[in-house]
Amino acid sequence: MKSKNDLLKIAQIGKTVGINGELKLHIKSDFPEQFKKGNTFAVSRDKTLKIERFNPKRSIVKFEGYDTIDEASSLTNKLLYTTYDDTIKNCSLKKGEFFWFDLIGANVVEDEKILGEVDSIERFEPNDFLVVKTDKKYVDMGYAKTFLIPYIKRYILDFDKDKKIVHTKDTIEILKNS
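What comes next is a walk through the structure. Quantities reported herein were computed from a predicted structural model and do not represent experimental measurements.

1. Digging into the pairing of strand β12 (residues 165-168)
Relative to β12, strand β7 (residues 107-110) is paired through three bridges, and the arrangement is parallel. Note that in β12 the partner of V108 across the bridge is V166. The turn joining strand β11 (residues 156-160) and β12, which pair antiparallel and follow one another in sequence, is formed by four residues; a positive phi near 55 degrees is taken by K164.

2. Regarding the pairing of strand β5 (residues 60-63)
Going residue by residue along β5, you find I60 and K62 tucked away on one face and V61 and F63 tucked away on the opposite face as well. As judged from the three bridges shared by strand β2 (residues 22-27) and β5, these two strands associate in the antiparallel manner. By the bridge assignment, E22 is partnered in β5 with K62. Here strand β4 (residues 47-55) runs beside β5; their pairing, made up of four bridges, is antiparallel. Across the sheet, N55 pairs through a bridge with I60, a residue of β5. Hairpin connection of β4 to β5: four residues between the antiparallel strands, including S59 at a positive phi of 55 degrees.

3. Topic: the packing of aromatic side chains
Across all of its chains, the model carries eight aromatic pairs by this definition. Seen from their ring centres, Y84 and F101 are 4.6 Å apart, and the 85 degrees between their planes marks the pair as edge-to-face. Within this pair, whereas Y84 is found in helix α2 (residues 84-90), its partner F101 is found in helix α3 (residues 100-103), the two being separated by 17 residues in sequence. Like Y84, the residue F101 is buried in the burial classification. In this structure an aromatic cluster arises from ring pairing among F31, Y84, F99 and F101.

4. What to know about the pattern of salt bridges
Under the criterion given, the structure shown has ten salt bridges. D86 is the partner of K89 in a salt bridge, and the nearest nitrogen-oxygen pair spans 3.7 Å. Of this pair, K89 and D86 both sit in helix α2, three residues apart, which is roughly one turn of the helix. By relative accessible area, which is 62% here, K89 ends up exposed. A salt bridge links R154 to D170, with the nearest nitrogen and oxygen atoms 2.6 Å apart. Separated by 16 residues along the polypeptide, R154 in the loop between β10 (146-150) and β11 and D170 in the loop between β12 and α5 (171-176) bring together distant segments of the chain. With relative accessibility at 43%, the residue R154 sits in the partly exposed group. It is possible to trace a salt-bridge network through shared partners that takes in E22, E52, R53, K62 and D67.

Criteria and thresholds
Residues numbered from 1 in each chain as written. Predicted model: local features only at pLDDT ≥ 70, side-chain atom pairs only at ≥ 80, totals over all residues. Heavy atoms only, no water. Pairing = 2+ DSSP bridges. Helix = DSSP H or I, 4+ residues; strand = E, 2+ residues; numbered from the N terminus. Buried < 20%, exposed > 50% of the residue type's maximum accessible area, 1.4 Å probe, protein only. Phe/Tyr/Trp six-rings, centres within 6.5 Å; stacked < 30°, edge-to-face > 60°. Salt bridge = Lys/Arg side-chain N within 4 Å of Asp/Glu carboxyl O.

Put into structure tokens, the structure is as follows:
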């Protein structure tokens, strides 16, 4: 279960741009709108950075207190993190959309049979894939310990967030062929 103190990696700081402390930002999130003036992100458990300005078209960020190229270069390659609570607060979902962390730990069910549990999600362009830890019953039958399900309508029927169940179709064939 996720706690308030767990952190999500959402970006990596790149090289400096110009001489005024600006940096390239490599966003690892589907929600670039969270990178706005005044928002704070962790770079470690005890250090945070506050955005002074962000150019979404160029993905250039300026953090408060980093006004020179030398100060900003100390941030190059650092990872930016946010909390689950801040993600929920700062990111807008459309109807039928979910955060990846909502899907982690959900049972994958086809025809009332539990095939496994979502262990993680990987992005292999052009689709996202659920990495499923196969249910022990199927592992004992000789099937793979993990398998991938493309997160597309062909295989994913729906997700019940409250019950943590991903309803699927034709995914038993994916498991059998894994």
